[in-house]
Amino acid sequence: MYDVGDLVAERPSLGTMTDIKLFRILRFMPYSIIGNGANGILYKSGKDLGRSMGLKNAEEAVKFLHDNRVGELEILGENPYRLKVDECLSCAGLPASGKALCHFEGGLLAGILESMSGRPVDLREVRCWGLGDRTCEFEEFVR
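Computed from a predicted model, the values in this text were never measured in an experiment.

Draft legend 1. Quick look at the overall build of the protein. For the protein, the count of helices and strands is 4 helices and 4 strands. Listed N to C, the secondary structure of the protein is α-α-α-β-β-α-β-β in terms of helices and strands. Whereas a compact globule of 143 residues would reach a radius of gyration of roughly 15 Å, the protein reaches 15 Å, a difference of no more than 12%. A total of 143 residues make up the protein; the buried ones form 35% of that total. One way to put it: in the protein the 18 positive side-chain charges average out to a point 5 Å from where the 21 negative ones average out.

Draft legend 2. View of the sheet that holds strand β4 (residues 136-140). Here we have 4 strands laid out as an open sheet, ordered β1-β2-β4-β3, and antiparallel in their pairing. A single partner strand is all that each edge strand has here, and the edge strands are β1 (72-77) and β3 (123-127). Each adjacent strand pair in this sheet contributes to an overall mean axis angle of 25°, direction not counted. Where β3 and β4 come together, 4 bridges link them in antiparallel fashion. Following the sheet pairing, Arg124 is matched in β4 by Glu139.

Draft legend 3. Highlighting the packing of aromatic side chains. All chains considered together, the criterion is met by 1 aromatic pair. Residues Phe28 and Tyr31 carry aromatic rings whose centres are separated by 6.2 Å and whose planes lie at 35° to one another, so their mutual orientation is tilted. Here Tyr31 and Phe28 lie together in helix α1 (residues 20-34), a separation of 3 residues that amounts to about one turn. What makes Phe28 partly exposed here is its relative accessible area of 23%. A relative accessible area of 22% means that Tyr31 is categorised as partly exposed. The positively charged end of Arg27 is found above the aromatic ring belonging to Phe28, 4.4 Å away from the centroid.

Draft legend 4. View of the packing of helix α3 (residues 58-67) against helix α4 (residues 103-117). At a minimum axis separation of 10 Å, α3 and α4 run at an interaxial angle of 155°. For the element pair α3 / α4, the angle class is roughly antiparallel. Relative to α4, the crossing made by α3 is right-handed. Of the residues in α4, those touching α3 at Ala58, Ala61, Phe64 and Leu65 are Leu108, Leu109, Ile112 and Met116. Of the residues assigned to the contact of α3 with α4, the class counts are 8 nonpolar, no polar and no charged.

Draft legend 5. Representation of the pairing of β1 within the structure. The pairing of β1 with strand β2 (residues 82-86) spans 5 bridges and is antiparallel. What sits directly across from Glu74, in β2, is Lys84. Hairpin geometry of β1 and β2 is characterised by an intervening segment of 4 residues between the two adjacent antiparallel strands and by a positive phi of about 55° at Asn79.

Procedures and definitions
Starting afresh in each chain, residues are numbered from 1 along the sequence in its written order. Selection of residues for local features in this predicted model requires a pLDDT of at least 70, selection of side-chain atom pairs for listing and counting requires 80 or more, and totals for whole chains, interfaces and linings are taken over all residues. Hydrogens and water molecules were not included; the side-chain quantities draw on all heavy atoms of the structure. The numbering of helices and of strands both runs from the N terminus, where a helix is a DSSP run of H or I of at least 4 residues and a strand a run of E of at least 2. With the radius of gyration taken over C-alpha atoms, the globule rule is written as 2.2 Å times the number of residues to the power 0.38. Relative accessibility decides the category of a residue: with a 1.4 Å probe and only protein chains considered, values under 20% of the type maximum give buried, values over 50% give exposed, and everything between is partly exposed. Residues counted as positive are Lys and Arg, residues counted as negative are Asp and Glu, and His and the chain ends are not counted. The atoms used to mark charge sites are NZ of Lys, CZ of Arg, CG of Asp and CD of Glu. Pairing between strands requires that DSSP locate at least two bridges from one strand to the other. The angle between two axes is taken between their N-to-C directions and runs from 0 to 180 degrees, where each axis is a line fitted to C-alpha atoms and a helix contributes only its stretch in contact. Stacked, edge-to-face and tilted labels apply to pairs of Phe, Tyr and Trp rings (six-membered ring for Trp) whose centres lie within 6.5 Å, assigned for plane angles under 30 degrees, over 60, and everything in between, in that order. Counted as over-ring charges are cases with an Arg CZ or a Lys NZ within 6 Å of the ring centre that also lie within 35 degrees of the ring normal. Here the word oblique covers every angle except those under 35 degrees (roughly parallel), over 145 (roughly antiparallel) and from 65 to 115 (roughly perpendicular). Should the near helix be turned anticlockwise from the far one by less than a right angle, the crossing is termed left-handed; should it be turned clockwise, right-handed. Here, two residues are considered to be in contact whenever any of their heavy atoms come within 4.5 Å of each other. Residues are grouped as follows: nonpolar covers Ala, Val, Leu, Ile, Met, Phe, Trp, Tyr, Cys and Pro; charged covers Asp, Glu, Lys and Arg; every other residue, Gly included, is treated as polar.

Below, the structure written as structure tokens:
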């Protein structure tokens with residue numbers, strides 16, 4: 001994984017935040033190159049990042065997602081995990097496409113939960129703006 005320098009950029013005039021339109025262009029670009037294979041790549045990338053952050057509890061996870069404008073996280077249940085993300089960075093406001101869109105966010109959350117719980121966690125998105133919902137929800141995939 002790339003060393004992103006604690007996610008800080010040297011941009012004294014422009015800061016560290018960018019427009020959501022540009023983010024979404026960059027976020028969805030892999031689909032034009034590799035198609036639906038991008039889903040797994042985005043999920044794994046998010047999961048690797050989530051594991052590496054070392055968050056220790058739910059409050060830290062909620063704060064991280066809010067402070068970094070990823071979304072407003074609410075933990076609906078544990079064992080198995082159920083999570084809700086309002087104002088999701090990738091999809092909030094997009095028209096329904098018939099597909100769940102938030103593979104990166106699902107992986108990010110799974111990695112964070114693995115780090116916090118010390119056990120393997122995989123999530124699947126069951127509600128999404130892409131599916132016609134107005135929020136995202138993720139459920140733990142129990143094998």
